[in-house]
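Below are the chains, spelled out letter by letter.
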Amino acid sequence: MTRRTWRGVLRRLEAVLGAVLVNACGRAARADWAAANASPLNPWTGGCGRCHGRGMDMLRMHEIAEAGHRILNPFTEEKLMLLGEVCRLRPAQRQLDLACGKGEMLCRWADAFGIEGHGVDISEVFVPLARARAAELGVADRVTFELGEAAAAVRAMTGAATPAMTEPTPADTEATRSDIEAARAIVDAAHADIEAARADIEAAPAERRQYHQYDIASCIGATWIGGGLAGTVALMRPAVRDGGLLLLGEPYWAEDTPEEAYAALNMLGGEFATLEGTLDRIEAAGLELLEMVLADGDSWDRYVAEQWWTVSDWLRENAGSPDAPAMREYLETSRRTHLRYQRRYLGWGVFVCR
Ligand SMILES: C[S@@+](CC[C@H](N)C(=O)[O-])C[C@H]1O[C@@H](n2cnc3c(N)ncnc32)[C@H](O)[C@@H]1O
């Protein structure tokens, strides 16, 4: 077997194993999302972690509650566009948006500022809507969306173990088996070829690597994808060019937050800080804070209060659904905790860093 054939064997093995890993990661991540959103870490649910005991998939809960939203965070359209201006976006800049939701940020910024972008999200409901929005705004040639787990996708992009998100077909498996047989024969027969193949193993991922290709990487309201702010920064950094921007959408606590608010919002874990504490965390992650746009009570209402009507309608139309009790509890808890604590004590903003 020639060196070229070896390279084919190894590439195919790599692709098949990688695809298995990506799919396993995606399934695990959906479970992680459920766990994160059922835990005290969750900034979005206003304490609906308690609903998790009813066995409803928490991502599905958000897909229902945010059916009427385009922006899945406490920003209004005005704040979203202000953020684009603040970031000094220019035509043809490239942005990677992790946990992109319905893709509103990339689509609107492509339309208004001429950027290009790629979004990744785990929701089978949100990703097709993001693609539809890109088509509606006439930016589908500049903005693409991928259904996948963000951490696995970005690692694949920057050269770690996970390439394309496709199930290996039986033909792949069969081909791989015979390739392995062929490879065994070669290992016995030609040590020189094995050395050459080793060089090819090292060379192949490098060819795939697309380090530092983006001008901007963003994770708006989902830093659990990297296990918190620092982990998400570490995840995003290899994708961004030197001097590029990292946009982090994070909650923060008001200085005078009473203890009972943490419990009521199911956030006892201390993963969010005050505004100044958030600056400390950003700096500890090795970034400089350049700018920020913050939500306010009114923009929180557009995110949270707008869900109430949507869920109320859903409950009227789906009274017999097995998900109805969990959705009812979500609605009741959301109303009460938002009015009592969230609107007042839980801030949220997008921090523009370099
Ligand atoms: C609060 S929403 C924010 C969406 C979007 N960034 C926005 O601001 O409109 C969180 C998003 O994270 C997605 N998500 C959760 N876990 C994920 C993961 N591990 N990989 C990719 N997306 C994920 C959800 O599907 C959801 O769209």
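Please refer to the structure placed before this passage.
Criteria and cut-off values
Think of each chain on its own: its residues are numbered from 1, step by step along the sequence as written. Totals for whole chains, interfaces and linings use every residue, but because this is a predicted model, local features are given only for residues with pLDDT of at least 70 and side-chain atom pairs only at 80 or more, for both listing and counting. To obtain the side-chain values, all non-hydrogen atoms of the structure were included, while hydrogens and water were left out. Only DSSP runs of H or I reaching four residues or more are called helices, and only runs of E reaching two or more are called strands; each is numbered from the N terminus. Residue exposure (1.4 Å probe, protein chains only): buried if accessible area is under 20% of the type maximum, exposed if over 50%, otherwise partly exposed. Note on contacts: a residue pair qualifies if any of its non-hydrogen atoms lie within 4.5 Å across the two residues. A 1.4 Å probe and the Shrake-Rupley method give the accessible areas. Residues count as covered only by the protein chains that appear here. Criterion for a salt bridge: a side-chain nitrogen of Lys or Arg within 4 Å of a carboxyl oxygen of Asp or Glu. Note on terminology: near, applied to a residue and a molecule or strand, indicates that one of the residue's heavy atoms is within 4 Å of it. In protein, a polar contact requires one atom able to donate a hydrogen and another able to accept it; more generally it is a pair of N or O atoms within 3.5 Å, and residues adjacent in sequence count only if both atoms are side-chain atoms. Helix axes are fitted only over the stretch in contact, all axes being lines through C-alpha atoms; the angle between N-to-C directions runs from 0 to 180 degrees. Orientation labels follow simple angle bins: below 35 degrees gives roughly parallel, above 145 gives roughly antiparallel, 65 to 115 gives roughly perpendicular, and whatever is left gives oblique. Two helices crossing with the near one rotated counterclockwise from the far one by less than a right angle form a left-handed crossing, whereas a clockwise rotation gives a right-handed crossing. Throughout, the ten residues Ala, Val, Leu, Ile, Met, Phe, Trp, Tyr, Cys and Pro are labelled nonpolar, Asp, Glu, Lys and Arg are labelled charged, and all others, Gly among them, are labelled polar. Whether two aromatic rings pair depends on their centres lying within 6.5 Å, for rings of Phe, Tyr and Trp, where Trp uses its six-membered ring; planes under 30 degrees apart make the pair stacked, over 60 edge-to-face, and the rest tilted. Among the buried residues, those of types Ala, Val, Leu, Ile, Met, Phe, Trp, Tyr and Cys that are joined through side-chain atoms within 4.5 Å form a nonpolar core. Candidate patch residues must exceed 30% relative accessible area and have no salt bridge, after which like charges are joined if within 9 Å and Val, Leu, Ile, Met, Phe, Trp or Tyr side chains if within 5 Å. We score Asp and Glu as negative and Lys and Arg as positive, and we do not count His or the chain ends. Charged side chains are reduced to one point each, which is NZ for Lys, CZ for Arg, CG for Asp and CD for Glu. At least two bridges found by DSSP between two strands is the condition for calling them paired.

1. Comments concerning the overall build of the protein chain
Looking only at helices and strands, one finds 13 helices and 7 strands in the protein chain. Within the span of the protein chain, comprising 354 residues, buried residues form 53% of the whole. The long-range fraction of contacts in the protein chain, counting pairs at least 24 apart against all pairs at least 6 apart in sequence, stands at 77%. Looking at the protein chain as shown, the accessible area adds up to about 16,300 Å², and 52% of this sits on carbon and sulfur atoms.

2. Details of the pattern of salt bridges
Pairs can form between side chains of opposite charge whenever their charged atoms are close. Scanning the entire structure with this criterion turns up 13 salt bridges. As a salt-bridge pair, Glu136 and Arg70 come within 4.0 Å of each other at their nearest N and O atoms. Of the two residues, Glu136 is situated in helix H5 (residues 126-136) and Arg70 in the loop between helix H2 (58-65) and helix H3 (77-86); the sequence distance between them amounts to 66 residues. The partly exposed category is assigned to Arg70, whose relative accessible area is 44%. Among the salt bridges present, the one from Glu136 reaches Arg133, with a minimum N-O distance of 3.0 Å. Note that Glu136 and Arg133 are positioned in helix H5 at a spacing of 3 residues, about one turn of the helix. For Glu136, a relative accessible area of 53% gives the class exposed. What emerges from the salt-bridge pattern is a single network uniting Arg70, Glu77, Glu104, Arg108, Arg133 and Glu136.

3. Some thoughts on the site of the ligand
Contacts to the ligand come from 22 residues, most closely from Asn73, Ala99, Asp121, Glu149 and Ala150. Here a nitrogen atom of the ligand and a backbone polar atom of Ala99 are 2.7 Å apart. At 2.9 Å from a nitrogen atom of the ligand is found a main-chain nitrogen or oxygen belonging to Ala150. Against a free-state accessible area of 590 Å², the protein chains account for coverage of 96% of the ligand.

4. Quick notes on the environment of Leu59
Of note, Leu59 is situated in helix H2. Put simply, Leu59 and Ile122 are 63 residues apart on the chain and 9.2 Å apart in space, counted from C-alpha to C-alpha.

5. Topic: the packing of helix H12 (residues 297-317) against helix H13 (residues 324-345)
Following both chains from N to C, one finds H12 and H13 inclined at 160°, their axes separated by 10 Å at the closest point. In this view, H12 runs roughly antiparallel relative to H13, as classed from their interaxial angle. In this structure, H12 meets H13 at a crossing whose hand is left-handed. In this structure, H12 contributes Gly297, Asp298, Trp300, Asp301, Val304, Gln307, Trp308, Val311, Ser312, Trp314 and Leu315 to the contact, and H13 contributes Ala324, Met327, Arg328, Tyr330, Leu331, Ser334, Arg335, His338, Leu339, Gln342 and Arg343. Across the contact of H12 with H13, the residue classes break down as 11 nonpolar, 6 polar and 5 charged.

6. Some details on the packing of aromatic side chains
Counting across every chain of the model gives 4 aromatic pairs. Summarising the aromatic geometry, the rings of Phe75 and Trp348 are spaced 5.1 Å apart at their centres and angled 90° between planes, so their arrangement reads as edge-to-face. Here Phe75 is found in the loop between H2 and H3, whereas its partner Trp348 is found in strand E7 (residues 346-353), with 273 residues between them in sequence. One exposure class covers both Phe75 and Trp348, and it is buried.

7. Some details on the nonpolar core
Grouped together as the largest cluster of nonpolar side chains are 60 residues, with contacts concentrated most on Phe75, Leu83, Trp109, Phe145, Leu247, Trp253 and Met327. No other element matches H12, which puts 8 residues into this core. Each residue touching Leu247, except ones within four places of it in the same chain, is listed here: Cys87, Gln95, Trp109, Ile216, Ala217, Ser218, Cys219, Ile220, Met236, Val350, Phe351 and Val352. Counting 27 residues, the second largest nonpolar core, distinct from the first, contains Leu229, Ala285, Leu287 and Cys353.

8. Structural notes on the environment of Arg340
Checked against the element boundaries, Arg340 lands in helix H13. Each C-alpha atom, one on Arg340 and one on Ala261, is 8.4 Å from the other, the two residues being 79 residues apart in sequence.

9. Looking at the side chain of Thr223
Relative to the elements of secondary structure, Thr223 occurs in the loop between strand E4 (214-220) and helix H9 (229-236). Ignoring any residue separated from it by four or fewer positions in sequence, one finds Thr223 in contact with Gly228, Leu229, Thr232, Leu248 and Glu250.

10. Describing a negative patch on the surface
Together, Glu255, Asp256, Glu276, Asp280 and Glu283 make up a region of like negative charge exposed at the surface. Along the polypeptide, Glu276 turns up in helix H11 (residues 275-284). Note on Glu276: relative accessible area 55%, which makes it exposed.

11. Brief notes about the sheet that holds strand E5 (residues 240-253)
Within a sheet, neighbouring strands are paired by backbone hydrogen bonds and run either parallel or antiparallel to one another. With mixed pairing, the 7 strands of this open sheet are ordered in space as E3-E2-E1-E4-E5-E7-E6. Strands with a single pairing partner mark the edges of an open sheet, and in this sheet they are strand E3 (143-147) and strand E6 (289-294). Direction aside, neighbouring strands of the sheet carry axes that sit 20° apart on average. Note that strand E2 (residues 116-121) and E3 share 5 bridges and pair parallel. For Gly117, the partnering residue across the bridge sits in E3 and is Val143.

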